[in-house]
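# Structure at a glance
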Protein chains: 2
Amino acid sequence: MEVSTIRFPSACPSRIVLDHVTSKWGVLVLVALAEGTKRWSELRRAVEGVSEKMLAQTLQTLERDGLVIRDARPVIPPHVDYRLSPLGAELVDRLTPLMEWILANADAIISGAARGRIDETTSVAHAQ
Amino acid sequence: MEVSTIRFPSACPSRIVLDHVTSKWGVLVLVALAEGTKRWSELRRAVEGVSEKMLAQTLQTLERDGLVIRDARPVIPPHVDYRLSPLGAELVDRLTPLMEWILANADAIISGAARGRIDETTSVAHAQ
DNA sequence: CAGTATCCCCGAGGATACTG
DNA sequence: CAGTATCCTCGGGGATACTG
């Protein structure tokens, strides 16, 4: 269970990728695509609250990073599909457990019940 | 491997927690604390590039969420320790695989080599 | 349908100075 | 040492309008 010191030097590609992935909409888009290929309009609905500009920007970033694949079919009306690349799928595999944990624990955390969980392992903590 | 539709409704506690965790410094602080208890000054060094204001703010948010425990000892000079709560440790368990993956793949992603990995599963993709 | 193009605002976040 | 307090900037991100 030793994590052996994960370091993120500040001027490092890892910081950039971290920023892309943890950008406001990045995680949500990636998770939405975990279900499979989706069209633009489906994504807009799946990622509740995202604006057109932000969806476009997020998708472009993820595509440039090689995490998402854009498949535009030259028909009228336009038909564009987005899906995870193999690399993106790997990433989402690591993202999903995190998302499920957050969904499962969010209510307790926000309601403040989390402080009740500071049990045996805690003693004099945060006397503050 | 079916993820069975993870949904994040926009007006939901899960979005708030997600924002806290994926805040610019949230992930980095949590990962830094994965190694164990750390003092303020150690965190400042461990989380390279963080300002005092942002470190304080991030720690306060994480503490309010019950993910981090603050242990202030009333001595002079002041001595304050931060560590993960049991809940925070659970979260970090899900965070660590993600961070390690990002560290391992960041260079390839940023350099653009990622697009080379679009192999057999891809065919006509992103004619762009 | 699937996007750009613009304009604009607010607040996340940085720099600096100060304190118990 | 471990923080506040204050000021200020910059760009993330929203609203709206337009297009192939």
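The notes below deal with the structure included here. No experiment lies behind these values; they were computed from the predicted model shown. (Residues numbered from 1 in each chain as written. Chains lettered and ligands numbered in written order. Predicted model: local features only at pLDDT ≥ 70, side-chain atom pairs only at ≥ 80, totals over all residues. Heavy atoms only, no water.)

## Considerations on the nonpolar core
- Ranked by size, the top nonpolar core spans 72 residues in total, and within it Leu 30 and Met 99 of chain A together with Leu 30 and Met 99 of chain B carry the most contacts.
- In this view, Leu 30 of chain B contacts Val 21, Leu 62, Val 68, Leu 84, Leu 91, Val 92 and Leu 95 of chain B; residues no more than four positions away in its chain are not counted. (Core = buried A, V, L, I, M, F, W, Y, C linked by side-chain atoms within 4.5 Å. Buried < 20%, exposed > 50% of the residue type's maximum accessible area, 1.4 Å probe, protein only. Contact = heavy atoms within 4.5 Å.)

## A closer look at the pattern of salt bridges
Residues and elements named next belong to chain A.
- Enumeration over the complete set of coordinates arrives at six salt bridges over all chains.
- Glu 52 is paired through a salt bridge with Arg 44; the nearest N and O atoms lie 3.3 Å apart.
- Residue classification places Glu 52 among the partly exposed positions, given a relative accessible area of 49%.
- Take Arg 44: its relative accessible area is 31%, and that puts it in the partly exposed class. (Salt bridge = Lys/Arg side-chain N within 4 Å of Asp/Glu carboxyl O.)

## Notes on the pairing of strand E3 (residues 79-84) of chain A
All names here are of chain A.
- Of all the six residues making up E3, six are buried; the element is thus mostly covered by neighbouring parts of the structure.
- Side chains His 79, Asp 81 and Arg 83 of E3 all project onto a buried face; the interleaved residues Val 80, Tyr 82 and Leu 84 project onto the opposite face, where all are buried too.
- In this sheet, E3 lies alongside strand E1 (residues 38-39) in antiparallel orientation, the contact comprising two bridges. Across the sheet, residue Arg 39 finds its bridge partner in E3, namely Asp 81.
- With six bridges joining them, strand E2 (residues 68-73) and E3 adopt antiparallel strand pairing. The partner of Arg 70 across the bridge, within E3, is Tyr 82.
- Once E2 ends, the chain turns through five residues before running back antiparallel as E3. (Helix = DSSP H or I, 4+ residues; strand = E, 2+ residues; numbered from the N terminus. Pairing = 2+ DSSP bridges.)

## So, the environment of Gly 66 of chain B
- Note that Gly 66 of chain B resides in the loop between helix H4 (52-64) and strand E2 (68-73).
- Distance in space between the C-alpha atoms of Gly 66 of chain B and Glu 48 of chain B is 24 Å, their sequence separation being 18 residues.
- Apart from residues no more than four positions distant in its own chain, Gly 66 of chain B is found in contact with Ala 114 and Arg 115 of chain A together with Ser 85 and Leu 87 of chain B.

## Quick look at the side chain of Thr 58 of chain B
Residue and element names in this part refer to chain B.
- As for its placement among the helices and strands, Thr 58 is situated in helix H4.
- A relative accessible area of 8% means that Thr 58 is categorised as buried.
- A distance of 2.7 Å separates a polar atom in the side chain of Thr 58 from the backbone oxygen of Met 54.
- With sequence-adjacent residues up to four places away left out, Thr 58 is seen in contact with Trp 25, Gly 26 and Val 29. (Polar contact = N/O pair within 3.5 Å; in protein donor to acceptor, adjacent residues only side chain to side chain.)

## Focus: the packing of helix H5 (residues 86-111) of chain A against helix H1 (residues 13-21) of chain B
- At a closest axis distance of 8 Å, the pairing of H5 of chain A and H1 of chain B adopts a crossing angle of 105 degrees. The orientation of H5 of chain A relative to H1 of chain B falls into the category roughly perpendicular. For the pair formed by H5 of chain A and H1 of chain B, the contact residues are Met 99, Ile 102, Leu 103, Ala 106, Asp 107, Ile 109 and Ile 110 of chain A on the first element and Pro 13, Ser 14, Ile 16, Val 17 and Leu 18 of chain B on the second. (Axes fitted to C-alpha atoms, helices over the stretch in contact; angles between N-to-C directions. Parallel < 35°, antiparallel > 145°, perpendicular 65-115°, else oblique.)

## Some remarks on helix H5 (residues 86-111) of chain B
- Look at H5 of chain B: 38 Å from first C-alpha to last across 26 residues, which is about the 38 Å you get at 1.5 Å a residue.
- When the local axis directions of H5 of chain B are compared, the greatest deviation, roughly 50 degrees, occurs at Asn 105 of chain B. (Expected span 1.5 Å × (residues − 1). Bend = angle between axes of the 7 residues up to and from the residue.)

All we've got here are geometric facts, nothing functional implied.
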